[in-house]
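A closer look at the structure
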Amino acid sequence: MALKCNIQCRYCVRSISSSEDRPGVTENILSPLEAMETLREAVELDFPLRVVAVAGPGEPLANQETFEVLQMAKEEFPDLIRCLATNGLALPEKAEVLEEIGISTVTVTANAIDPEIGAKIYEYVRVNGRRYTGKEAAKILIDRQQQGVKEAVTRGMVVKINTVLIPDINAGHLTEVAKVYEQLGANIMNIMPLIPVGKFAHMRPPTREEVIAAQAACGAYIEQFRVCQQCRADACGIPAIDHGRRCKPKY
Ligand code: SF4
């Protein structure tokens, strides 16, 4: 339900579709009230539902509706764990409100800690109405991601780092990412193979062996999450058990 984004990753194509099966895709953009209706249905359908999250297809923290729906979820289903995925750009200033809403887990997608590498991945970032590009943009994003993770950890949230493995760009850099985020207090890292779309449509995805090798190397520094199915933004289910079974919204 989060439509807008405040940065542009070169591997991202957000799409409204019922057939594509990858992150950044959803069947509908739901209003907070529609999302709550869908959540009620999912609970009634007796999904083994334990977690409710806002994960896109854009940037949750760049959409006011994210805070509205998570607040409503807190009031109506206080026992569900509330989570959020973010690119981290706005995390430093939003960490406080996330704590108030009772967010217990934050996933931050961090693909680099070196602005030179980041500049190859991020086309631009937008802060306070100004658009930054190149190394300057990457540095702003990377600094804010690290500050945001620190803030989230300080406030008692579990932090998962998502890192997209892009063989031609950051493959040799992932252990540095792992080291830095372990030191900042992140709990777990999820290495996701590049899905070549958008400006990276010409790039090759990593092989399974390359992903396993990256997990092994990074696992020396931070625990690895190994059951990611790279689900759609509107997935509902248990990863690795039912492959992100989708909860069909009626809207
Ligand atoms: Fe796409 Fe997420 Fe990157 Fe925004 S932060 S451009 S939604 S992948």
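Scroll up a little and you will see the structure.
Anyway, here's the lowdown on the structure attached to this text. It should be emphasised that the depicted structure is a prediction, and the values quoted were computed from it without experimental measurement.

**Regarding the overall build of the protein**
A count of helical and extended segments in the protein gives seven helices and ten strands. Put simply, of all contacts in the protein between residues at least 6 apart along the chain, 71% involve residues at least 24 apart. Carbon and sulfur atoms form 51% of the exposed surface of the protein, whose accessible area is close to 11700 Å². In the protein, which carries 29 positive and 32 negative side-chain charges, the distance between the mean positions of the two groups comes to 5 Å.

**Some details on the site of the ligand**
Close to the ligand lie Cys5, Ile7, Gln8, Cys9, Tyr11, Cys12, Arg14, Pro57, Gly58 and Asn87, which account for all nearby residues. Broken down by class, the residue content of the shell around the ligand amounts to six nonpolar, three polar and one charged.

**Quick word on the environment of Ser17**
Along the chain, the position of Ser17 falls in the loop between strand E2 (15-16) and strand E3 (25-26). Exposure remark for Ser17: the relative accessible area of 13% places this residue in the buried category. For the pair formed by Ser17 and Arg232, sequence separation is 215 residues and the distance between their alpha carbons is 9.9 Å. In this structure, Ser17 is in contact with Val25, Thr26, Glu27 and Arg232, ignoring residues within four places of it in sequence.

**Thoughts on the sheet that holds strand E1 (residues 7-9)**
Read from one edge to the other, the open sheet built from three strands follows the order E1-E7-E8, with strand pairing classed as antiparallel. Here the strands that pair on one side only, and so sit at the sheet edges, are E1 and strand E8 (130-133). Ignoring strand direction, the axes of neighbouring strands in this sheet form an average angle of 20 degrees. Bridge analysis of strand E7 (residues 122-127) against E8 gives four bridges, and the strand direction is antiparallel. Paired with Tyr124 across the bridge in E8 is Thr133.

About the criteria used
- Residues numbered from 1 in each chain as written.
- Predicted model: local features only at pLDDT ≥ 70, side-chain atom pairs only at ≥ 80, totals over all residues.
- Heavy atoms only, no water.
- Helix = DSSP H or I, 4+ residues; strand = E, 2+ residues; numbered from the N terminus.
- Contact = heavy atoms within 4.5 Å.
- Areas by Shrake-Rupley, 256 points an atom, 1.4 Å probe, with all protein chains shown as cover.
- Lys, Arg positive; Asp, Glu negative; His and termini not counted.
- Charge placed at Lys NZ, Arg CZ, Asp CG, Glu CD.
- Near = heavy atom within 4 Å.
- Nonpolar A, V, L, I, M, F, W, Y, C, P; charged D, E, K, R; others polar.
- Buried < 20%, exposed > 50% of the residue type's maximum accessible area, 1.4 Å probe, protein only.
- Pairing = 2+ DSSP bridges.
- Axes fitted to C-alpha atoms, helices over the stretch in contact; angles between N-to-C directions.

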